[in-house]
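Chain by chain, the residues run as shown.
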Amino acid sequence: MSDIVERTLTALPGLFLQGQPGGGPAAAKAPFSSRLGGLVRGVTALTSKHEEEKLIQQELSSLKATVSAPTTTLKTMKECMVRLIYCEMLGYDASFGYIHAIKLAQQGNLLEKRVGYLAVSLFLHESHELLLLLVNTVVKDLQSTNLVEVCMALTIVSQIFPREMIPAVLPLIEDKLQHSKEIIRRKAVLALYKFHLIAPNQVQHIHVKFRKALCDRDVGVMAASLHIYLRMIKENSSGYKDLTGSFVTILKQVVGGKLPVDFNYHNVPAPWLQIQLLRILGLLGKDDQRTSELMYDVLDESLRRAELSHNVTYAILFECVHTIYSVYPKSELLEKAAKCIGKFVLSPKINLKYLGLKALTYVVQRDPTLALQHQMTIIECLDHPDPIIKRETLELLYRITNSQNVTVIVQKMLEYLHQSKEEYIIVNLVGKIAELAEKYAPDNAWFIQTMNAVFSVGGDVMHPDISSNFLRLLAEGFDDETEDRQLRVYAVQSYLSLLDVENAFYPQRFLQVMSWVLGEYSYLLDNEKPEEVINRLFKLLMSDSISSETKAWLIAAVTKLTPQAQTSSTVERLIQEFTVSLDTCVRQHTFELKHLHENVEVMKNLLPVNKSCEDLVVDASLSFLDGYVAERLSQGAAPYKPHHQRQEEKLSQEKVLNFEPYGLSFSSSGFTGRQSPAGISLGSDISGNSAETGLKETNSLKLEGVKKLWGKEGYLPKKESKAGEEMEASPAPLENAVSENMDQAGTRRDQAPVLAQSKEEKEKQLLASSLFVGLGSESQINLLGKADNVSHKFRRKSKVKEAKSGEAASARDLTCSSLHSPSHVAHEENDYLTALQDRGSAEAEEFPLGSELLDPESVSELPVVGKLSDCALSAPSLFADSDMEVFHPPSSAAASASAAAPVTAEIALASSFLEETTEDVRSGRVEVCSDETVTMSSYKLWKDDCLLMVWSVATKSGSELKSANLDIFPAENFKTSEQPGCCLPAAEAGSTKTFQYRLQVERPFTEETLSGSVSYQRVDTHAVQLEFSVNLSLLDFIRPLKISTEDFGKLWLSFANDVKQNIKMSEPQAALPSALKTLQEKVRLHVVDVRGNEGLLACRLLPSTPSLLHCRVHADGLALWFRSSCPALPDCLSYQCQKAIEGS
Amino acid sequence: MIKLFLMPLLMVNKQGQTQLPKYCEHVDINKHTLLETEVIKTCLSRSSERDFKLLYRQYAALFIVVGVNDTENEMAVYEFIHNFVEVLDAYFSQVSELDMFNLDKVHIILDKMLLNGCIVETNRTRILAPLLILDKTSES
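Residues numbered from 1 in each chain as written. Chains lettered and ligands numbered in written order. Predicted model: local features only at pLDDT ≥ 70, side-chain atom pairs only at ≥ 80, totals over all residues. Heavy atoms only, no water.

1. Quick word on the overall build of chain B
Part 1: The secondary structure content of chain B amounts to 4 helices and 6 strands.
Part 2: Counting from the amino terminus, helix and strand elements in chain B follow one another as β-β-α-β-β-α-α-β-β-α.
Part 3: Pairs at least 24 residues apart make up 51% of the contacts formed inside chain B by residues separated by at least 6 positions.
Part 4: When the accessible surface of chain B is totalled, it reaches about 4700 Å², and 51% of it is carbon and sulfur. (Helix = DSSP H or I, 4+ residues; strand = E, 2+ residues; numbered from the N terminus. Contact = heavy atoms within 4.5 Å. Areas by Shrake-Rupley, 256 points an atom, 1.4 Å probe, with all protein chains shown as cover.)

Okay, structure coming up:
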């Protein structure tokens, strides 16, 4: 059979090319009389949705009867599936057929099987439970001798496959990489790509094989491997620089027409492959001169070869231009690329023009002068009838905005905004306008008016950050006091006049902004009494179109104004009116106002004028409660327990029913998971008592079905519906929003040569000169970055990053790249881990292994005094709660770089830490960056409830360090917060400054880089900024979880997410103790119990996400089984454990 | 990865009825209809846009619509649509809207060309070879 298929496979392309497509197409044409054809015709003929629904429901019920009838043949079933697919496509539920699709894939002959697989891929999604039933079929088909079946199996695997079942098919697919048929190899690569997408850790070991695929003799296989490479290079380009040569060679061959002719598309050799390669090169060459130099030739050739002849060559050219502007610049190529863009932009074809504008938008970020060359075209595009062209032009203008052309550009954007009706466009545009206004506003009036337009049009759909940023800007002010005052006064005046307009409706968000500003700053107006303002606000409050959230804002504003008002009957009326309000929030605000109103003195104290930016001093330790706590304790109250402890206790109490005598029949029934994989060898090594399995199965199923009302933090309330806020009132356009000085700005820079041009032409010239002002040669343009000579008007004081950008720019060249390579970290960590291990084993020699693992406290019970000298230079134990604290000496690499003075400083600093950090373990100090005057080092402090990163900056000369600031860039997977009281007084005085940051994990990850910058004032008074980065591993956030075996069992059953992993070992029987020890020491897992050849371990991810591990020794290795309440954690943890065990 | 979220690929006729939706990410079935209605409305009237761009190409009464994200090379996708139609044309010899009734075949062809939002095969011969074998075996 397989022979025939193989032969057909090779023969068919030939047949096909001869234009005699055999019976296939003819057969495909035939089934018009089929039921599907009838159905489609029926549906097409209908006129209403209602009729369609009736017809489809009818069809579905007949299908339901057919598929569940036992006599239905597979052929009929296949037809039914196609009809079901059609019904689902129209949006009707056909879930009764899912199981039959799986059956069809299992039992059918080739075509039926294919349709079965197709239906499965269309019906199900990755986490659908029925998908597990398909795994067996896939495994069987992968081993089939029929190539077509293998192909199908590989296709379905690369479309949809349950993540936890990957180990079951992975070896089979790996084998297929060596298959003799290209199509199989190609599909295998694509399947591995899918695995890389959903579980990158599981395919990490076969990266070498990807390289082989890249060098495959078949183009298809090579092309398939590019998908994997593009993704991996996007994640981390530095790891693949060595492949640049290969990619360049491949592209050269493709461009040079060396591929088989059938890869051509309209005589262009493999255009999509070219695009893919260009994209990879762009990523590789970014900011890397050496790598970029390798590709200049081939980029040049691509540009040359892709003559403008067919649409697809435009696509290649576009990508080529994109790449040329992404890699390290080369002037010759840039020139050619610019010419190419010019051709696009000038083309009358809309698609090409769009492409040109898009390229230009990307390019102007690198080289704004290019926009100058095309200014007239851009002006024309602004009035282009096609909205897409118009929008792309605005996007381009947005990128070239500076403080000189901002008024004109924003005016153009506002014009477009007023015409737009689509929510998406409004949200997008409003965000951009707000950003530009804040950055480049020429004066107060313009700024406020522009923001008024933003708020009234963007209203309730815009991003909430816009209004809060605006308010913060007003509140925090700028460097100039009188400026601040003017801006605030202007805002107040503008809002008061807006509120006086009869019958005007404003979005809720705008009203909230107004009420805050009026409440806060109306005191600045001399001619306006607070009573008057209160009256206005009250009038607004009584209006029907106000949402209750806005009401709360309004009442808060009134509350702020009340102490300033002499007497106000309005306030009393307000209190009367709203103390009976049905809305709790409004009522509470009113009651607060009521009680404060009774005591004006307190009120004045509580609500001082213009103090919105004063920091409130909060006693975080709640020390004022100490007396109370002591009193209660003496009366026998229960002492306080930290959150995670309560959590654990609660969890173990909540799961009430423990079905089996856990301790006794542990190995036979303890771990038969609910996701018992049907027939997969993985699960079968844990033999299960069937009755108990059944019992557990039902138990767990129930748990899954139950709506999740209670979470870790307690009751999970539903997100408050915001429907009430939406207002019917359409935003009124603001007349005064269009500022007069637009025209002034337009004329200001009228340098265009006025020849014998028509009036229209002149207008355009005028517009151009105002739009593109500041882009020309009169202002210095930096090729690699938009340098703005004009300082921004609204520069916030508080935002260090923004404020220092100007001053720091001159010293940018000092920016040092991080010295801190990952290997360095690894080395560092290993250092201390080995130290730990050594010490652990030395001490525990007399203890049997079991007790050592199970009872880490025993370590601390050893006489501390005796050990002190031995351990003086090693890190303290991770697990022992030892009282003594020893400091790891500054790492040699860090220390050698710095002179004597900083070292002493460090020691002084270290000793000042001593009291604080006695209970925590810390890493060695590592230098992260330095320049000629300062050196910066960091270390990690593994606290029980968080990871504390400590950075210290020291001057090399020992001179005083002025105003050092640390700024941590936001990271995706965790959040950082400055530890209050971070600056230690002892260190502050001298040449060292220390920063402490608390790190909390938001999402589990394996490796992550945290970067930031430090800026300081040099003696010669200019600011210097240094960038640095630190590598973090998941392990930094893992802490042992000490629980009992019983609790472990309960927790195990309550977790839904699991991952299994097999690790091959040479001597598995002996491996368990050492593996457990490795896991305990390197991954910080707590060993809960050891029974025969099984071990139980537990840990928590900070702050308190528990995760459990069950490991079991079997014939050829160690089976690890992770479970956790957090979906992503088991996978990450499994990777770390595997690494730890294999590394030991 | 090519962030080529060729997100939904749809075929619709002039009456606005969907003929062939292909999602590269799982979308809840209840959202299908909503999304598709919006997309179809958009293409037939051509006005709006969401956080992905819609690209369409018209063949007689048939519209082929692809949603792509912002980083995608639109022209490449535009030409990919044409490539797809050419493949259909080769298979059905003179493809017409009626051929879309062969839902399964069209899907199988598309599966060969598009996987996880990536263009994986554009070589016409290679796309059709396995399908032709299927047809042959089912005939005999």
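Here the narrative resumes, following the displayed structure.
2. Considering the overall build of chain A
Part 1: When helices and strands are tallied, chain A shows 51 helices and 19 strands.
Part 2: Relative to its full complement of 1144 residues, chain A shows a buried share of 53%.
Part 3: Long-range contacts, defined here as pairs at least 24 residues apart, represent 69% of the contacts in chain A between residues at least 6 apart.
Part 4: On chain A, roughly 52500 Å² of surface is accessible, and the fraction owed to carbon and sulfur atoms is 53%. (Buried < 20%, exposed > 50% of the residue type's maximum accessible area, 1.4 Å probe, protein only.)

3. Some details on the side chain of Gln1136(A)
Part 1: Mapped onto the fold, Gln1136(A) is located in helix α51 (residues 1129-1143).
Part 2: When near neighbours in sequence (up to four residues on either side) are disregarded, Gln1136(A) contacts Thr1006(A), Glu1007(A), Ser1033(A), Leu1034(A), Leu1035(A) and Val1083(A).

4. Some thoughts on a nonpolar patch on the surface
Residues and elements named next belong to chain A.
Part 1: Taken together, the side chains of Leu622, Phe624, Leu625, Tyr628, Val629 and Leu633 present a nonpolar region at the surface, about 570 Å² in accessible area.
Part 2: Looking at where leucine 622 falls in the secondary structure, it is placed in the loop between α33 (600-606) and α34 (626-634).
Part 3: By relative accessible area, which is 42% here, leucine 622 ends up partly exposed. (Patch = residues over 30% accessible without salt bridge, like charges linked within 9 Å, V, L, I, M, F, W, Y side chains within 5 Å. Salt bridge = Lys/Arg side-chain N within 4 Å of Asp/Glu carboxyl O.)

5. Brief notes about the packing of helix α3 (residues 35-45) of chain A against helix α5 (residues 74-89) of chain A
All names here are of chain A.
Part 1: Packing of α3 against α5 brings their axes to within 9 Å, and their N-to-C directions diverge by 20°. Classified by the angle their axes make, α3 and α5 are roughly parallel. Between α3 and α5 lies a crossing whose hand is right-handed. Across the interface between the two elements, Arg35, Leu36, Leu39, Val40 and Val43 from α3 touch Glu79, Val82, Arg83, Tyr86 and Cys87 from α5. (Axes fitted to C-alpha atoms, helices over the stretch in contact; angles between N-to-C directions. Parallel < 35°, antiparallel > 145°, perpendicular 65-115°, else oblique. Left-handed = near helix turned anticlockwise from the far one by under 90°.)

6. Quick look at the packing of aromatic side chains
Residue and element names in this part refer to chain A.
Part 1: Throughout the structure, instances matching the rule amount to 16 aromatic pairs over all chains.
Part 2: Relative to phenylalanine 470, the ring of phenylalanine 447 has its centre 5.8 Å away and its plane inclined at 40°; by these criteria the two rings are tilted. Of this pair, phenylalanine 447 sits in helix α25 (residues 444-458) while phenylalanine 470 sits in helix α26 (residues 464-476), and the two are 23 residues apart along the sequence.
Part 3: Assessed through its relative accessible area of 1%, phenylalanine 447 is described here as buried.
Part 4: Given the relative accessible area of 0%, phenylalanine 470 is considered buried.
Part 5: Considering the side-chain rings of tryptophan 516 and tyrosine 521, the 5.9 Å spacing of their centres and the 75° angle between planes classify their relative orientation as edge-to-face. With respect to burial, tryptophan 516 and tyrosine 521 carry one shared label: buried.
Part 6: Here the aromatic cluster, defined as three or more aromatic residues joined through ring pairs, consists of Phe447, Phe455, Phe470, Tyr495, Tyr506 and Phe510.
Part 7: Cation over ring: lysine 432 sits above tyrosine 398, and NZ or CZ is 5.2 Å from the ring centre. (Phe/Tyr/Trp six-rings, centres within 6.5 Å; stacked < 30°, edge-to-face > 60°. Lys NZ or Arg CZ within 6 Å of the ring centre and 35° of its normal.)

7. Quick look at the confidence of the model for chain B
Residues and elements named next belong to chain B.
Part 1: Averaged over all residues, the pLDDT of chain B equals 72, while 61% of them reach at least 70.
Part 2: Here strand β1 (residues 8-13) is the element of chain B with the lowest mean pLDDT, 50, and helix α2 (residues 74-92) is the one with the highest, 90.
Part 3: When the criterion is pLDDT under 50, residues 1-8 qualifies, and its contacts beyond four places in sequence or with other chains add up to 48 contacts.
Part 4: Taken over the whole predicted complex, pTM reads 0.58, whereas the ipTM for its chain interfaces reads 0.82. (pLDDT = per-residue confidence, 0-100.)

8. Overview of the pairing of strand β19 (residues 1117-1124) of chain A
Part 1: Among the 8 residues of β19(A), 8 are classified as buried, and the element is accordingly described as predominantly covered.
Part 2: As consecutive antiparallel partners, strand β18 (residues 1105-1114) of chain A and β19(A) are separated by 2 residues. (Pairing = 2+ DSSP bridges.)

9. Notes on unusual backbone geometry
Residues and elements named next belong to chain A.
Part 1: The phi dihedral of aspartate 287 is positive, around 55°, even though this residue is not glycine.
Part 2: Structurally, aspartate 287 is set in the loop between α15 (271-285) and α16 (289-305).
Part 3: A relative accessible area of 66% means that aspartate 287 is categorised as exposed.

10. Examining a negative patch on the surface
All names here are of chain A.
Part 1: A cluster of acidic side chains, namely Glu380, Asp383, Glu760, Glu761 and Glu763, defines a negative patch on the protein surface.
Part 2: Ranked by residue count, the leading element in the negative patch is helix α40 (residues 759-771), at 3 residues.
Part 3: Structurally, glutamate 380 can be placed in helix α21 (residues 375-382).
Part 4: With a relative accessible area of 43%, glutamate 380 lands in the partly exposed category. (Lys, Arg positive; Asp, Glu negative; His and termini not counted. Charge placed at Lys NZ, Arg CZ, Asp CG, Glu CD.)

11. Things to note about helix α13 (residues 219-235) of chain A
Residues and elements named next belong to chain A.
Part 1: In a regular helix each residue adds 1.5 Å, so 17 residues correspond to 24 Å; α13 covers 25 Å between its end C-alpha atoms and thus fits that length.
Part 2: Among the 17 residues of α13, 15 are classified as buried, and the element is accordingly described as predominantly covered.
Part 3: One side-chain oxygen of the residue at the start of α13 lies 2.7 Å from the amide nitrogen of glycine 220, identifying that residue as aspartate 218. (Expected span 1.5 Å × (residues − 1). Polar contact = N/O pair within 3.5 Å; in protein donor to acceptor, adjacent residues only side chain to side chain.)

12. A look at the pattern of salt bridges
All names here are of chain A.
Part 1: Throughout the structure, instances matching the rule amount to 28 salt bridges over all chains.
Part 2: Here lysine 241 and aspartate 288 are joined by a salt bridge, their closest N and O atoms 2.9 Å apart. Taken as a pair, lysine 241 in the loop between α13 and α14 (244-255) and aspartate 288 in the loop between α15 and α16 lie far apart in primary sequence, 47 residues in all.
Part 3: Residue lysine 241 is classed as partly exposed on the basis of its relative accessible area of 23%.
Part 4: Under the relative-accessibility criterion, aspartate 288 is labelled buried at 17%.
Part 5: Note that glutamate 319 is salt-bridged to arginine 279, the shortest N-O span being 3.2 Å.

13. A closer look at the environment of Val457(A)
Residue and element names in this part refer to chain A.
Part 1: Structurally, valine 457 is set in helix α25.
Part 2: Counting along the chain gives 40 residues from valine 457 to leucine 417, while the straight-line C-alpha distance between them is 7.9 Å.
Part 3: Discounting chain neighbours no more than four positions away, the residues touching valine 457 are Leu417, His418 and Ile426.

14. What to know about helix α31 (residues 569-578) of chain A
Residue and element names in this part refer to chain A.
Part 1: Along α31, the residues that are buried comprise Thr570, Val571, Leu574, Ile575 and Phe578. End-on view of α31: buried residues confined to an arc of 140°, all on one side of the axis. Away from its buried face by more than 90 degrees, α31 exposes Ser569 and Gln576.
Part 2: Where α31 is buried, its residues meet α29 (530-541), α30 (548-561) and α32 (584-598). (Arc of directions from axis to C-beta.)

15. Digging into the environment of Arg998(A)
Part 1: With respect to the element layout, Arg998(A) can be found in strand β11 (residues 992-1001).
Part 2: Along the backbone, Arg998(A) and Asp945(A) are 53 residues apart, and their C-alpha atoms lie at a distance of 9.7 Å.

16. Looking at the side chain of Thr361(A)
Part 1: Here Thr361(A) shows up in helix α19 (residues 350-363).
Part 2: Non-local contacts of Thr361(A), meaning those with residues more than four positions away in its chain, are made with Glu392(A), Glu395(A), Leu396(A) and Arg399(A).

17. Let's talk about the confidence of the model for chain A
Part 1: The predicted model of chain A averages 73 in pLDDT, with 72% of residues at 70 or higher.
Part 2: The low-confidence segment residues 795-918 of chain A, where pLDDT is below 50, has 189 contacts with residues more than four positions distant or belonging to other chains.

18. Regarding the environment of Leu283(A)
Residue and element names in this part refer to chain A.
Part 1: Residue placement: leucine 283 occurs in helix α15.
Part 2: Of the residues examined, leucine 283 reaches a relative accessible area of 24% and is grouped as partly exposed.
Part 3: In contact with leucine 283, not counting residues within four places along its chain, are Leu230, Ile233, Lys234 and Ser237.

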